[in-house]
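Each chain, letter by letter, is given below.
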Amino acid sequence: MRLAILLLAASAAFLPARAPAQQRPAATATAPAAASLLTADRYERAVLAWDAGNYDAALLDLRRVLAAPNAPDFHDRVAELTGEIWQTVEVAKDARAPRWSPDGSTLSYEYGTAPDRRFRVVRYAPGFPTVAEAAGESPSYAPDGGSLAWIETPAGGRPLVRWKRGEATSETLPLDAAAATGATLFGSTSLQLAVITGTPGSNEATLNIFQLSGGDRTWRTIEVAGGQPVALVRSGDGSRLVVLIGERGAFARGGAAFAGAARTTAFAEVATVGLGVRVTGTAPTFSREGSSIAWLDAEPAGGTRILVRRGVSEPIVAHRATQPLTGIALSPDGASVAFQQMLREDWELFTVPSAGGAPPRRITREIQHDLGPQYLSDSRLLGVMGEGRHRRSYLYDLASGTRTRLFHNNSVRTVSPEYEWVPSPDGTRVAIVAERDGDTVTPHRHLYVMDLTSKVTPEALKARVDSNLTAEQALRTNGRRFFAPIATSVQAATADVNISRIYGYQKALFGFDSKHITQPGNRTATGYLLETYRGFGLDAQLQPFKTVAGTEIEVANVVATIRGTVNPDLVYVVGAHFDSRAEGPGADDNTSGTAMILEAARVLAKRPLPATVMFVAFTGEEAGLRGAREFGRRMKDSIKVVGALNNDMMGWANDHRLDNTIRYSNPGLRDVQHAAAIQFSKLITYDAFYYKSTDAQALFDAWGDIIAGIGSYPILGNPHYHMPHDVLETINHQLLTETSRATVATIMLMASSPSRLGGLAASGTSASWERAVEKGVMRYLVRWGPAEAPMKYSATVTGTRAVLAGAKPGWKVAVKAVNARGLEGWDWARADVK
């Protein structure tokens, strides 16, 4: 996760107040006071080391802090610095769309993919025992929690609406429609079920109400004049429902208010048998107890206002803004409204009294987007931060003005993107859908519940610190071993990386404006890159191809090659896309990555490596990975690529920290990049299993899981991403320089070391593999063991076979080569023992 945020700008929220040195108690201090001061000093030292990315030193000091007599005074601060303050439990490995029952005693979630979507209801208790499970989606609780309704769509069939009360067998309600959305139970005096049938926003969409108690059980189609039903919004207590009415697809939920009066959608409250009060506006939201409702309204003269109606009173204007405004939420008592407003280029959170007449209170001042406010109580607000692929949750105490991070995976290096946040009805727990393991590639996202009434125990916190310290020390120890044979030459090369040159490349490319394949800047940039690579003395060529973007156009990748001295037929690809979005110059996305590989090529041009290195400036990434796919199509069968780095968005200036994320498909290269950053740069690195929707995906499709690279997503949340204001002055060129150093070091190790072995197979107590493709390999390292300790046993052999003493079926085996210089392969070949 974004660890700089943990420090709250290293402010007094984290650093203990310290008296000037000359004023501190010395010999006259009591022993407990001296011990307390020592612990405070150690904690402060740990915070500063953490901020600098010296995690091993920080964790050592934190371990001492937690062993001190006054450790309870630092418990919360250490917990938030290293992960979570509150206890978090995993509910399900594959889950989405969590929903709490009205009393918070059960939690439903969906899982699986079409046509096998299912949902499960679990009790909030140890082990989360299952209460109900069925095929279908969109389960809705009745206001009293006693009934449940959902939609089931059999493979190849029409949707069904099912309903059950308590433990009774579910019944199918009559429905004749090709599509159905939003089965919603509501009502205070009688239970009703609302469903939109047909395609929302189309001419065929209709609103249907089904009476489940106190009347004839038949569907009633509700006429919606002036548009079609788009979505249903129920009050927190379930007593009231509104239907959103769109103009045949004109509705864009949340985003409707961005352009002021450009898009408006009506909504109306649903009464027992029809529509009640109709209002023009968007994004209606209820208070928890259901008596108050707020919505957005576009003003005729421009801008947006927040309207609030409490009970049956006339609407009150709570806030007006000419800037984009959205994401409104009412406090449980309806007395205040939270919202997000864009002041310049990023969203910030505010609150304002529902009664109006008072200026809004600004809650956030973060350079990243602050989004999605939700009240946990009248004085506590949940908000999220960042870009869509990596958002993080925070708790804002409105009384004290403090912010506390909520969810984390409690690890130093691996990021944990979050996607859904659903508070329990009483606001004491939050269900969160996230990828706690940093795996953004597989489709599964996992469901967790954080209990805001129960903090992590001191024992669990100590175990967390110890576990992280062990992992960090191993990462650094192994990294030093990887680089030891070539450390001197790598140090000399990385010292040659020059910030002035990097700025020069960046400024030149930025000057071509948009480099989208449809814009003139694309061709200009292509020529500049070709000549710059040739100016380094490299063999640089265009790789032209034709593509269609409205009309057929000719574009080109730029490929520059440093031929290997020992294994010239083995190729490492180092890529970055140089095109940008049509609407902007793309200083970060991805002129930064292009400038970085230019400098890496310049530094290595006079330092040829054992294997061939091919620098590729891809075009057309923003138009669908076109250049990288063309490169893969042409080169897949003509060159032997044994490893690759793809670099995208390297230099956004978020804060003072020089940090970025390793995005990898190969864990061996991930660890090499961590080691390169630690030893040969000031770069602080995190990691995420991530390559989809980038040029790395095209390289993966062509050559498999031999890819890593560095990039700002899914870690940072640059508010300039894909915007016209992604401009040069938002770039930290020192960050870009340190990233270049880490990349140069990575390339040097990759191209000097054996690649991953092929053909590994193990049966019984014997393993065999193919001979390394590199010249000069002297021996092979073999590791094997059970799944819980796969590296427990070891052997070193000179041939391509090994005896696995004591091995059993299901055990794991791993093998890598070592060359004459003592350089190990950068990744293990792995297999299961048969």
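Up top is the structure these notes are about.
Residues numbered from 1 in each chain as written. Predicted model: local features only at pLDDT ≥ 70, side-chain atom pairs only at ≥ 80, totals over all residues. Heavy atoms only, no water.

Draft legend 1. Representation of the overall build of the chain in the model. A tally of regular secondary structure across the chain gives 12 helices and 48 strands. Relative to the 2.2 N^0.38 estimate, which gives 28 Å for 834 residues, the radius of gyration of the chain is 29 Å and therefore close to what a compact globule would have. Looking at the chain residue by residue over its 834 residues, the buried ones come to 58%. Considering only residue pairs separated by 6 or more positions, the chain has 60% of its internal contacts joining residues 24 or more positions apart. Carbon and sulfur atoms form 52% of the exposed surface of the chain, whose accessible area is close to 31900 Å². Side-chain charges of the chain comprise 88 positive and 83 negative groups, with the mean position of each set lying 5 Å from the other. (Helix = DSSP H or I, 4+ residues; strand = E, 2+ residues; numbered from the N terminus. Rg over C-alpha atoms; globule rule 2.2 N^0.38 Å. Buried < 20%, exposed > 50% of the residue type's maximum accessible area, 1.4 Å probe, protein only. Contact = heavy atoms within 4.5 Å. Areas by Shrake-Rupley, 256 points an atom, 1.4 Å probe, with all protein chains shown as cover. Lys, Arg positive; Asp, Glu negative; His and termini not counted. Charge placed at Lys NZ, Arg CZ, Asp CG, Glu CD.)

Draft legend 2. Local environment of the sheet that holds strand 18 (residues 282–286). Taken together, four strands build an open sheet; the order of strands is 18-19-20-21 and the sheet is antiparallel. The sheet terminates laterally at strand 18 and strand 21 (316–321), the two strands that pair on one side only. For this sheet, the mean inter-axis angle between neighbouring strands, taken without regard to orientation, is 20°. Looking at chain direction, strand 19 (residues 292–298) and strand 20 (residues 304–310) are connected through seven bridges and run antiparallel. From the neighbouring strand, D297 faces strand 20, where its bridge partner is R305. (Pairing = 2+ DSSP bridges. Axes fitted to C-alpha atoms, helices over the stretch in contact; angles between N-to-C directions.)

Draft legend 3. Representation of the sheet that holds strand 46 (residues 801–803) within the structure. Strand order in this open sheet of three strands is 42-43-46, and the pairing throughout is antiparallel. In the strand order of this sheet, the two ends are held by strand 42 (761–763) and strand 46, each with one partner. Averaged over all pairs of adjacent strands, the angle between their axes in this sheet comes to 15°, without regard to strand direction. In this sheet, strand 46 lies alongside strand 43 (residues 766–768) in antiparallel orientation, the contact comprising three bridges. By the bridge assignment for strand 46, A767 is matched with A802.

Draft legend 4. Here's a closer look at the side chain of D695. Tracing the backbone through its elements, the reader meets D695 in helix 11 (residues 695–703). For the buried D695, no salt bridge is present, and the opposite-charge side chain at shortest range is R629, 7.5 Å distant. Once you skip the residues sitting within four places of it in the chain, D695 turns out to touch H577, F618, E621, L625, A628 and N646. (Salt bridge = Lys/Arg side-chain N within 4 Å of Asp/Glu carboxyl O.)

Draft legend 5. Expanded view of helix 7 (residues 520–535). Between its terminal C-alpha atoms helix 7 stretches 23 Å, which fits the 22 Å expected from 16 residues at 1.5 Å a residue. Every buried residue belonging to helix 7 is among G521, N522, A525, T526, L529, L530, T532 and Y533, and all of these are buried. Where helix 7 is buried, its residues contact helix 6 (499–510), strand 33 (539–549), strand 34 (551–562), helix 8 (587–605) and strand 36 (611–618). Taken from the residues just after helix 7, G537 is the one with a positive phi, measuring 85°. (Expected span 1.5 Å × (residues − 1).)

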